[in-house]
Amino acid sequence: MVSRGVWGGLCKLARLPATTDLPPERERRQSSESLPSRWIVFTVDLLGLLNWRSSPHSVEGSLKRLMEVDGGEIVKFLQDTLDALFQIMMEVSGGDTYDFLVFDALVFIISLIGDIKFQHFNPVLEAYITNHFSATLAYVKLAKVLNYYVAQAENPTQTDHLFAALKVLKYIFRFIIQSRELYLRIYGNRDQHDEFNNSIRTLFLSFNLLMDRRLEESLKIKGAALKYLPTIVNDVMLVFDPVELSVLFAKFIESVPENQLVRQKLSCMCKVVDSDLFKGPDCRDVLLPLITDQLSGQLDDSIARPDYEACANLLSSVLQVLNRDDIGPCHAHIQLVMERLLRRINRAVIGMTRQSSQIGPFVACMIAILNQMDGHHYTRYINTFKTRHDIIDFLMETFIMFKDLIGKTVYPSDWMVMNMVQNRVFLRAIDQFSRVLTRLFLDLANFELQLWNNYFHLGVAFLVQDSLQLETFSVEKRQKIIDKYGDMRKAMGFQIRDMWYNLGPHKIKFIPGMVGPILEMTLVPEPELRRSTIPIFFDMMQCEYSMNYSFHTFENELITKLDQEVEGGRGDENYKVILERILLEYCRQHQYLTASGESFVLLVSSLLENLLDYRTIMHDESKENQMCCTVNVLTFYKEKKREDIYIRYLYKLRDLHRDCENYTEAAYTLLLHAELLQWSDQLCAAHLIHREDCQALTNRELKERLYQEIICYYDKGKMWENAIQLCKELATMYEEEVFDYEELSRLLTQQATFYENIMKAMRPLPEYFAVGYYGQGFPSFLRNKMFIYRGKDYERYEDFHLKLTTQFPNAEKMTSTSPPSDQLKLSPGQYIQCFAVKPTLNLPTQYQDKPVPEQILNFYRANEVQQFQYSRPFRKGEKDPGNEFATMWIERVTYTTMYKFPGILQWFEVKATTTEEVSPLENAIETMERMNEKISNMVQQYAWDRSLPAHPLSMLLTGIVDAGVMGGLANYEKAFFHPTYLQEHPEDQDKIETLKQLIALQIPLLTEGIRIHGEKSTEELRPLHNRIAACFKELKEKVEKLYGVITLAPSLIDRKRSRSGSMVLPYIMSSTLWRLSTVSVASSAASSSSSSSSDGPSSRPASDGSVLDPLLEHKVEGTLGRDDHEHKVNKSRRKELSLSKSQVIFEKQARIDLSPDKAETMARQRQLRPKSLPFGELQQSSMQVYTSQSVSSPVSAADTTRTLSYHGLRSGPEITLDSCGSPPQPPPKSRHCENGHQRHSTEVALRRAPQTGLVISGM
């Protein structure tokens, strides 16, 4: 008969409606015929097993066919199937046959549930074992069959059965243990020999025999035994002695041959550790020595390829259990793990790379061991070392490992808890090891320098690590860390301080090595830590001073390390303040370090300020500010003769210039490095070699390489004059020292190109600007300072000012060029004062008083300059409505910079400022000098190049000769030539004479200019030319009548011919005009004493008044023969050389026979001229004087002439002013110019020469 429950299940399988009553037999038969054949077969097999009592003779077949039934049918009738199996095992007699069949069927069903397809039925199996299983003696038969299979493991026919049984060993033992518990619950422990315990012992003995075999075919079974045997521990220990079970498992593990199934063996032990068995102290006493032995063997240095992963899993499991509070005493167990495994773990960590996947778990295990160790453990562990050297080796390994783990953290930075736990454990361990250092290695006999050094470096590395810098965290996170862990930086810092002071006489051994680490520690932004550790610096100073009577070693090392640390981002303004305050306080209390110590502290404070500025600005977008701070720093190191750091900053500055295409400044920067080297074959000192030049071996090689790079930069910056100087130095070296003619040839070719570029290439003259930064809002290196800036090519005032505005968008532009008030300098804002200035020409000696090509002079107008001028007009005295020019003065300010331009920067600070007032008369003299120079050179240009357009010359001539345009000489006559002015200012008589001579000097220049203008005039320009000629005729008559006639020597306009035959146009400066001029002074006693003398006829030279007549001769020079031409040129040169550079001779054109009246007149004139005539700023030499009554009769060569000599004439910088007319118009009445760009027409040069006396000499 089939039970109703079974039938209901079968109905579901057949999708038939289940009823309470069984269907009639006919219907059951019809439904069976309608089902597929396979469902009929499976159902019959399952029904046969479930209904085994109805046909006992078919039980064996049903058990065998059960293996073929679909798993879905079995699991759905799991309880009924298991009941049937255990009923057959307990009730059917027939020997062991049914026991083995039932065992195999049970293994099959459990394996089926273990399949992933039916794993959700696992709770059903668990519930059956716990609540429904009732076979009290099943454990006897199950254990017997299992023992048999294990014992027959070497039998190939039983291997599959054993392997399948081992896979479900956990549930087999669940049934065994549950059966045993039911038995004990019903019958108690009646058998004295404990058959069950013996079966367990037998089972383990069988497993031991199995594991000890060295058969390759049994590896599969061995692996399965190691994998599944630990799963029975928690169940077996319920009915078996745990300690004995621990012993059995220990013997089982030991039975595995060495170096076989290592991973499986370690995994087996790991499962045992995770079981409840390992929680018992007595069980740990048995198992832990075995585990530590196995781990120690695996981590031994002799193992080629240890299984780090399995070792880490086992070790972490052990340490996790030992860290629990509910496992009883474990002090001895921790000690056992420490003694057997700690050092091996340390060495394993040291041997791993950061890329290893196992370094994290091993570090965690090491931290866990150290975390569970107390002070007694540390002491006991140190005592386990047999010799002192073993302790040293251990400490050295540990310090190095700790430092490496701190510097290259194993765990991600966001693993905050793990990193903090590691730091806390390390801090405690370092504290314990520091006590060992003090106890064993501090006395003179046993002191270990390297060990102590490693300790200090470890402590500093711990203190400065990123994970402890609480300032970088949020307020909430910082507070949580402090509440749980405290500020571990302070604890370590205090420990280092105490250990330093414990060193006693050994301190000197750590100077200068520990200066850098201690500096790193003091730079940590924790006020209490800084106050506690900065005094160590003074202790170092005092220690070195007591040994060497100086602390230079400490000083140099501190400067070096301070530069590195601040550049790396450490340090702040507060550190500078507290460092200076603490060290000054200690130095002033010392008997011998008061002066030297205080000086050193202030020096370090200054350096720190520069370095902080440099670091701040290096993150700024402004390259100019970066350059400025770099120069400040390298200047400091140059003064301290720290050439290694100095050179490093030189190349940083070079790179900044190169990025900005400031090639000239880059060249000057590298030149500073080259100046440190000599032309010698000695090996170059290491500190003089930059990393880019590491292959240069000698001074000569490095300097040559630098010179070539500098020449390249000079070429890019169009500074060919400077490049030529270096080429000459290199050429001398190639020719006279190394005899490298091939390189010499290349160099000379390059040098020739530079000369050609000077004469032919276009070079724009840069403008210069004065910039003042006022207010506390600017950085310290700019604050309340004035600088002179060199503009870039074609950079004008508007462009430069826009750049300043962009760099300092919050700055306010000052509208006045006057010096700012103290209140403005102390204000918190930013105020910028900017205006254009004019450089003062500083012409080299070889070019002075010579006609030099303009291309050469232009270079020195903007280069090799250090002084700059700015002029502000102002009115002095009462305003003269008739002539405002008479009361218009010039305030001239001269700025002197720290260094010449160009240099290593495009700007330099102003070191000195001088102010002078220029009177209207002096201004008029300077204006006339500039205008004469301008006329002379423009006339020369038009005489040499007839293709030039006439318009510029027309504008120049019109502005001078047309009184309606400029109002010219009338202003001077009203202001200075009036008798009233001489009466009020008798001291200006010599200056007035000078002004008159300058006016007279303008006439011959204008004569040649008008002649050339006439030749270039077209029909359209003819009316303008006629107008200019008419105006000039009137002007010429007036000037020659009032101020005399002046001619120029022919040497002024001699052209210099190059070897190729081309002409070079010289630029004639005002000083040269004066030196080579010839003046015929009109009678009238210097045109000021009597007006009657000015009415007589004036004396003229033999020519028609053109001072550039020699130019006409040069125009036909090409028609002369070569010999005639060379003779003429040589004659002209000899004539030029006959003239002195310091005087000009005024020659009479013809000798005159003087009557007594005329002689008396001449004597009277001679008496009227003072013996000493000061000429102010005139750059002139001797002049030969003509009288207005001269006649044209020839004079004999024997007659003497009268010469005027001007000694000590100025040959300094020329005055350049962008003035368009002579004299200038008075300034506007209602507007006062404040801006240098607006007032450029009034800016004049500064330098004024000492006045020279006029000496009358007769020959």
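Refer to the structure above for everything that follows.
Residues numbered from 1 in each chain as written. Predicted model: local features only at pLDDT ≥ 70, side-chain atom pairs only at ≥ 80, totals over all residues. Heavy atoms only, no water.

Novice: I would appreciate a short explanation of the overall build of the chain in the present structure.
Specialist: Across its full length, the chain holds 53 helices and 15 strands. For the chain, buried positions account for 52% of its 1259 residues. In the structure as shown, the chain presents an accessible area of about 58,400 Å², 52% of it carried by carbon and sulfur atoms. (Helix = DSSP H or I, 4+ residues; strand = E, 2+ residues; numbered from the N terminus. Buried < 20%, exposed > 50% of the residue type's maximum accessible area, 1.4 Å probe, protein only. Areas by Shrake-Rupley, 256 points an atom, 1.4 Å probe, with all protein chains shown as cover.)

Novice: Can you help me understand the state of the cysteines in this one?
Specialist: Put plainly, a disulfide is one covalent bond tying together the sulfur atoms of two cysteines. Inspection of the entire model under this criterion finds zero disulfides. The thiol sulfur of C629 is not disulfide-bonded, and the nearest other cysteine sulfur, from C628, lies at 5.7 Å. (Disulfide = S-S within 2.5 Å.)

Novice: Help me out: how do you make sense of the pairing of strand 8 (residues 907-918) in this one?
Specialist: A regular strand carries its side chains on alternate faces of the sheet. Where strand 2 (residues 785-790) meets strand 8, three bridges bridge the pair, whose relative direction is antiparallel. Opposite Y789, over in strand 8, you have W907 as the bridge partner. As defined by bridge partners, strand 7 (residues 888-901) adjoins strand 8 across eight bridges and the pair is classed as antiparallel. Looking at the pairing, I890 lines up with V918 of strand 8. Hairpin remark: strand 7 followed by strand 8, antiparallel, with five residues in the connecting loop. (Pairing = 2+ DSSP bridges.)

Novice: Even after reading the chapter, I still don't get helix 38 (residues 741-760), so can you show me in this structure?
Specialist: Along an α-helix, residues three or four positions apart point the same way, because every turn accommodates 3.6 residues. Compared with an ideal rise of 1.5 Å per residue, which puts 20 residues at 28 Å, helix 38 spans 28 Å between its outermost C-alpha atoms and is within 8% of the ideal. Looking at the packing, one finds that the buried side of helix 38 touches helix 36 (699-716), helix 37 (720-738) and helix 41 (854-862). (Expected span 1.5 Å × (residues − 1). Contact = heavy atoms within 4.5 Å.)

Novice: Can you walk me through the packing of aromatic side chains in this structure?
Specialist: Each aromatic ring pair is summarised here by two numbers: the centre-to-centre distance and the angle between the ring planes. Applying the stated criterion across every chain yields a total of 65 aromatic pairs. Judged by centre distance (5.5 Å) and plane angle (70°), the ring pair of F551 and F600 falls under edge-to-face. Note that F551 is positioned in the loop between helix 29 (535-548) and helix 30 (552-567) and F600 in helix 32 (residues 594-618), a separation of 49 residues in sequence. In this pair, the class of F551 matches that of F600, namely buried. Taken together, the aromatic side chains of Y378, Y381, F385, F394, F399, F433, F447, W452, Y455, F456, W500 and F510 make up a single cluster linked through ring pairs. Across the ring face of F163, the terminal group of K220 is positioned such that the distance to the ring centre comes to 4.3 Å. Over the face of the ring belonging to Y649 we find K652, whose NZ or CZ atom lies 4.5 Å from the ring centre. (Phe/Tyr/Trp six-rings, centres within 6.5 Å; stacked < 30°, edge-to-face > 60°. Lys NZ or Arg CZ within 6 Å of the ring centre and 35° of its normal.)

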